[in-house]
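Take a look at the letters that make up each chain.
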Amino acid sequence: MIKFSHSLFALPFAFSSAILAAGGLPPAYKILWITVAMVSARSAAMGLNRVIDRRIDAQNPRTKNREIPTGVITVADAVAFVVVSSIIFVVSAYMLNPLCLMLSPVALAIIYLYSYTKRFTWVCHIVLGVAIAFAPLGAWIAVRGSFTIEAVPLPVAVVLWLAGFDILYALADIEFDRSHGLHSIPQRFGIRTSLNIARVFHMVTWIFLIICGGVFHMGIVYYTGMAIVAGLLIYEHRLVRPGDLSKLNMAFFNMNGYISITVLVFIAFDKLLG
């Protein structure tokens, strides 16, 4: 029901933020508990989403073979998984520092909220982006023990990056969403306009990554990485066209995994080897 590989979207950004906060490699125990927090939060969010959407998933040809609709996993077992994952997340926040513990219910509330948003608003993609942006924001607080303004550019980039590629993913369900009263940017604005919105989101994502480089006085290594990220974003959008959505999965899973890992690798190279 939950694929660990899906954590690759946000986990590299959490590590990137931790490196920036530490000005180098954070302590090993911080890395451990940031990882546990990230994976448990992501698991709780996806598990709850599967529970809440089980009836919708059963009607959607794309999702009808998921584990809960087919009975491979019971609702009770899925709920238990969400509860255990949430507890692990709170414990990991406790192990990091008091501020992380204090903010953990807020993070859980936002990731829980996302599962309901497509029932009443097309800004659901942005809500998901905010939820995932708690990864780099939480990692910063985990290392520093406080929030400072210099932490902002990377989470903002994550919000827009995630919202942009979630819009692309939602293109696959545009007709289903329209017929079942569900909300999304593709359902509201159509395919062509949605693609343009996603492009704008990703353009602004890249701008905030450049701002992040300026804030942290990055060198040529980092900006070389951001040039690669720009190329990956451009290629991602070339894969999806108004008349051809056949490469959506490649654009969604492959390219965005490459983007997050590229950001991490070049931040690490710049800060650890620079």
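Structure first, text after, so check above.
Conventions we followed
Within each chain, residue numbers correspond to sequence positions counted from 1 in written order. Local features in this predicted model are restricted to residues whose pLDDT is 70 or higher, and side-chain atom pairs enter the listing and the counts only when it is 80 or higher, whereas totals over whole chains, interfaces and linings include all residues. Excluding hydrogens and water, the side-chain figures rest on all heavy atoms present in the structure. Pairs of cysteine sulfur atoms within 2.5 Å are identified as disulfides in what follows. Relative accessibility thresholds used throughout: buried, under 20% of the residue-type maximum; exposed, over 50%; partly exposed, between the two (1.4 Å probe, protein chains only). Only residues whose relative accessible area exceeds 30% and that form no salt bridge are eligible for patches; like-charged ones are grouped when within 9 Å, while nonpolar side chains (Val, Leu, Ile, Met, Phe, Trp, Tyr) are grouped when within 5 Å. For the accessible areas, the method is Shrake-Rupley and the probe is 1.4 Å, while residue cover comes only from the protein chains on display. We count a salt bridge whenever a side-chain nitrogen from Lys or Arg sits within 4 Å of a carboxyl oxygen from Asp or Glu. Positive charges are assigned to Lys and Arg, negative charges to Asp and Glu, while His and the chain termini are left out of the count. By convention, the point assigned to a charge is CZ for Arg, NZ for Lys, CD for Glu and CG for Asp. Counting from the N terminus, the helices are DSSP H or I runs at least four residues long and the strands are E runs at least two residues long. Think of it this way: a Phe, Tyr or Trp ring, Trp meaning its six-membered ring, pairs with another when their centres are within 6.5 Å, and the plane angle makes it stacked under 30 degrees, edge-to-face over 60, tilted otherwise.

Asker: Account for the state of the cysteines, with residues named and values stated.
Answerer: Applying the stated criterion to the full structure yields zero disulfides. Sulfur of cysteine 100: no disulfide; nearest cysteine sulfur belongs to cysteine 212 and is 19 Å away. Under the relative-accessibility criterion, cysteine 100 is labelled buried at 11%.

Asker: So what about a positive patch on the surface? Which residues, and what values?
Answerer: A cluster of basic residues, Arg192, Arg199, Arg238, Arg241 and Lys247, forms a positive patch on the protein surface. When you line up the elements, arginine 199 lands in helix H11 (residues 191-215).

Asker: Kindly report on the packing of aromatic side chains, identifying the contributing residues and their values.
Answerer: Taken as a whole, this structure holds six aromatic pairs when the rule is applied. Residues tryptophan 122 and phenylalanine 189 carry aromatic rings whose centres are separated by 5.0 Å and whose planes lie at 85° to one another, so their mutual orientation is edge-to-face. Taken together, the residues span a long stretch of sequence, with tryptophan 122 in the loop between helix H6 (98-117) and helix H7 (124-144) and phenylalanine 189 in helix H10 (residues 185-189) at a distance of 67 residues. On the basis of relative accessibility, which here comes to 31%, the residue phenylalanine 189 falls in the partly exposed class. Both rings, one in tyrosine 222 and one in tyrosine 223, keep their centres 5.4 Å apart while their planes meet at 80°; by these two values the pair is edge-to-face.

Asker: Which residues make up the pattern of salt bridges, and what values go with them?
Answerer: Under the criterion given, the structure shown has six salt bridges. Between aspartate 173 and arginine 62 there is a salt bridge, and its shortest N-O distance comes to 2.5 Å. Highlighted residues: aspartate 173 in the loop between helix H8 (153-170) and helix H9 (174-179) and arginine 62 in the loop between helix H3 (54-59) and helix H4 (67-70), separated in sequence by 111 residues. Overall, aspartate 173 belongs to the buried group, its relative accessible area being 11%.

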